[in-house]
Amino acid sequence: MSTQGWLVDRQARLRAFDRHRPWVMDTLVAVPIVLFSIPNIIEKPLSATIATLALLPPLYWRRRYPFAAFLATATIELIEGLLDVGVGAGVILLVMLFGVASRGSWRALAWSSGITIALLVAEIYVLNPVIENRIITLFLVIGTSGAAVASGVAVRTRRAYLIALEDRAARLEVERDQRARLAVAEERARVAREMHDIVGHHVSVIVGLADGGAALAASRAEQSAEPLRLIGDTGRQALSELRRVLGVLREEDADPQLSPQPGIDDLDRLLPSVRAAGLPVTYSTSGELHTLGKGVQLAVYRIVQEALTNTLKHAGGGAAADVTLAVAEGVVRLQVRDNGLGGPAAPSHGLLGMQERASLYGGVATAGPAERGWLVDVILKEPS
């Protein structure tokens, strides 16, 4: 440990000891005063003993009642001067002045400083007329008193600074916990959106396949038609329940374990499952798709997935969809258009998720009726 570190450590230990056992420091101040008063006690036993004993209690009050202790000491100092008994009240007065400066109010410090100056002037010019070089003596004692005040103010400032640091550390800890909770909440919301996108899409595909199979089985008068219709109804109910439980998912405490996120290349596996569910889909691209970052690719995949899922649910029979993806100068333009008659009656989690994903990349997402059918139009910007 360096010398500076050793001194700081010892100073901290001393302050801690003084906080827990203040009477020890007060006694250490009182002992020299008593020793200094012994010659005067021998010369004037009664008055010096009374003055010495009267000085001791304020030493033990000064921490809790600094101004009252100062007034008591100043009174004893004045009486000591009138009786010509030197028992060290002047030294204790400096200690009391320091205490007022470090612990008392600013008004009390102003009063204490004024009383000290008046008392010093009275002692030098009235009570001790034999003093030579009174002006120099006055400046010396005022300077000593000023040093006591300055030391007390410095201790007060340091104490306030330490309290401010502790308060700031406490606030930073609270803010850190709040940021952690916000991060968890954001992660929960993201997981909820991912759950909606993943599960909602696959259940929609299952429903589409079940409805298509049920229609085909009914046309052939096969017995499998009813089970397939039940599968479709159960799938639709599952989608309804999924939307209901998304809010609950956001309140869960468990940390999600996510699999690797899909990208644009995964659209080649997504589109065949949509076509198999009964929705013809055409897909065209332009530009350097492989240069896009993973985050932008994930956003494109999820938006396409959600748009086609909505088409499966709402576009009606005989609908078809067209997906176009273009990249130029760091700007991604994605359009998913269907020729059906339906459309989402109100903003869903999926549509809100599209808008949130687009905003993350400085873009916009719009969805609404086109000339015939429904159009999802999204613009994303590749981060520079």
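Residues numbered from 1 in each chain as written. Predicted model: local features only at pLDDT ≥ 70, side-chain atom pairs only at ≥ 80, totals over all residues. Heavy atoms only, no water.

(A) Inspection of the overall build of the protein at higher detail. Along the protein, the regular secondary structure elements total eleven helices and five strands. Taking as baseline every contact in the protein between residues at least 6 positions apart, the subset at least 24 positions apart corresponds to 70%. On the protein, roughly 22,400 Å² of surface is accessible, and the fraction owed to carbon and sulfur atoms is 63%. (Helix = DSSP H or I, 4+ residues; strand = E, 2+ residues; numbered from the N terminus. Contact = heavy atoms within 4.5 Å. Areas by Shrake-Rupley, 256 points an atom, 1.4 Å probe, with all protein chains shown as cover.)

(B) Seen up close, the sheet that holds strand β3 (residues 331-338). The five strands are arranged β1-β2-β3-β5-β4 in an open sheet whose pairing can be described as mixed. Whereas interior strands pair on both sides, the edge strands pair on one side only; in this sheet they are β1 (281-286) and β4 (364-369). This sheet shows a mean twist of 10° between the axes of neighbouring strands, independent of strand direction. With eight bridges connecting them, β3 and strand β5 (residues 374-381) associate as antiparallel partners. Within β5, the position partnered with Arg333 by the bridge is Ile379. Seen against the sheet, helix α10 (residues 294-314) touches β1, β2 (321-328), β3 and β5 and runs at an angle of roughly 10° to β3. (Pairing = 2+ DSSP bridges. Axes fitted to C-alpha atoms, helices over the stretch in contact; angles between N-to-C directions.)

(C) Layout of the packing of helix α9 (residues 267-276) against α10. Packing of α9 against α10 brings their axes to within 11 Å, and their N-to-C directions diverge by 5°. On the basis of their axis angle, the class for α9 and α10 is roughly parallel. Contacts from Leu267, Leu270, Leu271 and Val274 of α9 reach α10 at Tyr301, Val304, Gln305, Leu308 and Leu312. Each residue belonging to the contact of α9 with α10 can be placed in one class, and the counts come to eight nonpolar, one polar and no charged. (Parallel < 35°, antiparallel > 145°, perpendicular 65-115°, else oblique. Nonpolar A, V, L, I, M, F, W, Y, C, P; charged D, E, K, R; others polar.)

(D) Looking closely at the packing of aromatic side chains. Throughout the structure, instances matching the rule amount to one aromatic pair. Ring centres of Phe67 and Phe70 lie 6.5 Å apart, and the angle between their planes is 15°; this geometry places the pair in the stacked category. Highlighted residues: Phe67 and Phe70, both in helix α4 (residues 66-83), separated by three residues, approximately one helical turn. The class for Phe67 is partly exposed, based on a relative accessible area of 28%. Residue Phe70 is classed as buried on the basis of its relative accessible area of 0%. Arg156 extends its terminal NZ or CZ atom over the ring of Trp106, reaching a point 4.3 Å from the ring centre. (Phe/Tyr/Trp six-rings, centres within 6.5 Å; stacked < 30°, edge-to-face > 60°. Buried < 20%, exposed > 50% of the residue type's maximum accessible area, 1.4 Å probe, protein only. Lys NZ or Arg CZ within 6 Å of the ring centre and 35° of its normal.)

(E) Quick look at the nonpolar core. One finds Val300, Val304, Leu308, Leu334 and Leu380 to be the most contacted residues of the largest nonpolar core, which totals 35 residues. Listing elements by their share of this core, those giving two or more residues are α9, α10, β2, β3, α11 (349-360) and β5. If sequence neighbours within four positions are ignored, Val300 has contacts with Ile264, Leu325, Val332, Leu334 and Leu380. Core analysis: the next-biggest nonpolar cluster, separate from the first, contains 17 residues, Ile33, Ile92, Leu97 and Ala108 among them. (Core = buried A, V, L, I, M, F, W, Y, C linked by side-chain atoms within 4.5 Å.)

(F) The arrangement of the pattern of salt bridges in detail. Scanning the entire structure with this criterion turns up four salt bridges. One salt bridge connects Asp266 with Arg269, and the closest N-O pair in it is separated by 1.8 Å. Accessibility expressed as a relative area gives 17% for Asp266, which makes it buried. For Arg269, a relative accessible area of 59% puts it in the exposed group. A salt bridge links Arg333 to Asp377; the shortest N-O distance between them is 2.7 Å. With Arg333 in strand β3 and Asp377 in strand β5, this pair connects stretches of sequence that are 44 residues apart. (Salt bridge = Lys/Arg side-chain N within 4 Å of Asp/Glu carboxyl O.)

(G) Highlighting the pairing of β1. As paired elements, β1 and β2 share six bridges and run parallel to each other. By the bridge assignment for β2, Thr285 is matched with Leu325.

(H) Examining the packing of α4 against helix α6 (residues 106-127) more closely. At their nearest, the axes of α4 and α6 sit 11 Å apart, and the two run at 5° to each other. Regarding the angle of α4 to α6, the classification is roughly parallel. Residues Phe67, Phe70, Leu71, Ala74, Glu77, Leu78, Gly81 and Leu82 of α4 lie in contact with α6, whose contacting residues are Ala108, Trp111, Ser112, Ile115, Thr116, Leu119, Glu123 and Leu127. Here the contact of α4 with α6 is composed, by residue class, of eleven nonpolar, three polar and two charged.

(I) Examining α10 more closely. With 21 residues, α10 extends 30 Å between its outermost C-alpha atoms, agreeing within 8% with the 30 Å of an ideal straight helix rising 1.5 Å per residue. Most of α10 sits out of view: 16 of its 21 residues are buried. Following α10 by one or two positions, Gly316 adopts a phi angle in the positive range, close to 90°. (Expected span 1.5 Å × (residues − 1).)

(J) The arrangement of α6 in detail. With 22 residues, α6 should cover 32 Å at 1.5 Å per step; its first-to-last C-alpha distance of 30 Å lies within 8% of that length. When we look at burial in α6, the residues that qualify are Ala108, Leu109, Ser112, Thr116, Leu119, Leu120, Glu123 and Ile124. Along the axis of α6, the buried residues cluster in a sector spanning 120°; they form a single face. The outward face of α6, more than 90 degrees from its buried face, is lined by the exposed residues Arg107, Ala110, Trp111 and Val126. (Arc of directions from axis to C-beta.)

(K) Geometry of unusual backbone geometry. The phi angle at Glu329 is positive, at roughly 55°, despite the residue not being glycine. Tracing the chain through its elements places Glu329 in the loop between β2 and β3. Given a relative accessible area of 84%, Glu329 falls into the exposed group.

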